[in-house]
Amino acid sequence: PSDLSLVNKGIYPSDAFLIASGIAVNTSVIRLNISDNMLEDEGATALAAALATNSTLTSVSMRDNKMTDLGLQALANGLAFNTSVLRLDVSGNSISSQSLSFMQECLSRNKTLCRLYLGPIETPKMVRTDLLQQAEEEGESAKSQL
């Protein structure tokens, strides 16, 4: 098992497509840290498609990548089919309360994700919501341990 750290490497959306093609068939990297880059929504979408088929990664950090709700929605869609990721960190991106519904839907289908870091959520009243708690209250099986 190994880590792949691509922190602050100047990665743009076009680069993300190349990385995603490797992640899709990866069988050795268990932790991917691609934080502090410029993935934006397009790069997040490319990686989301790879996460849908990857069964090796357990931790993905995509902090501070200029992602918006569109990128997080793509990630939620990809993670809904993932069976290995336990931890996702997308804090430091420009996501709003609209993203909460995407992640709630993801958590209702994904049975392995147990740690989700969204960071501050931009809402009209700066309301913060704990998605895992919300999912548990609705009877979903959110995990409490790694």
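Being a predicted model, the structure only gives us computed values, none of them experimental.

Side note on the packing of helix α2 (residues 40–53) against helix α3 (residues 69–79)
Stage number 1. Where α2 meets α3, the axes come as close as 8 Å, and the angle between the chain directions of the two elements is 5°. Relative to α3, α2 is oriented roughly parallel. Here α2 contributes D41, A44, T45, A48, L51 and A52 to the contact with α3, which in turn contributes L70, G71, A74, L75, G78 and L79.
Stage number 2. Its residues placed into classes, the contact of α2 with α3 shows eight nonpolar, three polar and one charged.

What about the pairing of strand β1 (residues 2–5)?
For a regular strand, the rule is simple: side chains alternate between the two faces of the sheet.
Stage number 1. Examined bridge by bridge, β1 and strand β2 (residues 29–33) share four bridges and lie parallel to one another. Residue pairing in the sheet places S5 in a bridge with N33 of β2.
Stage number 2. Tracing the backbone out of β1, into helix α1 (residues 13–24) and back to the parallel element β2 gives a crossover that is right-handed.

A look at the sheet that holds β2
Stage number 1. Spatial strand order, β1-β2-β3-β4-β5: five strands in an open sheet with parallel pairing. Only two strands of the sheet have a single partner each, and these edge strands are β1 and β5 (115–117). Shown here is a sheet whose adjacent strand axes are inclined to one another by a mean of 10°, direction ignored.

Observations regarding the confidence of the model for the protein
Stage number 1. Here the protein shows a mean pLDDT of 86. Residues at 70 or above account for 82%.
Stage number 2. Within the protein, strand β3 (residues 59–61) carries the highest mean pLDDT (98), whereas helix α5 (residues 131–137) carries the lowest (54).
Stage number 3. Segment residues 124–129 is flagged for pLDDT under 50; beyond a separation of four residues in sequence, or across chains, it makes five contacts in the model.
Stage number 4. Ignoring residues within four places in sequence, the model shows residues 139–146, a span with pLDDT below 50, making 16 contacts including any to other chains.

A few points about unusual backbone geometry
Stage number 1. Positive phi, normally seen in glycine, also occurs at N8, with a value near 55°.
Stage number 2. Structurally, the position occupied by N8 is in the loop between β1 and α1.
Stage number 3. The exposure class assigned to N8 is exposed, which follows from its relative accessible area of 58%.
Stage number 4. If you check the backbone angles, K66 has positive phi at about 60° while not being a glycine.
Stage number 5. The residue K66 is located in the loop between β3 and α3 in this model.

The rules behind each value
- Residues numbered from 1 in each chain as written.
- Predicted model: local features only at pLDDT ≥ 70, side-chain atom pairs only at ≥ 80, totals over all residues.
- Heavy atoms only, no water.
- Axes fitted to C-alpha atoms, helices over the stretch in contact; angles between N-to-C directions.
- Helix = DSSP H or I, 4+ residues; strand = E, 2+ residues; numbered from the N terminus.
- Parallel < 35°, antiparallel > 145°, perpendicular 65-115°, else oblique.
- Contact = heavy atoms within 4.5 Å.
- Nonpolar A, V, L, I, M, F, W, Y, C, P; charged D, E, K, R; others polar.
- Pairing = 2+ DSSP bridges.
- Right-handed = clockwise from strand over helix to strand, strands pointing away.
- pLDDT = per-residue confidence, 0-100.
- Buried < 20%, exposed > 50% of the residue type's maximum accessible area, 1.4 Å probe, protein only.

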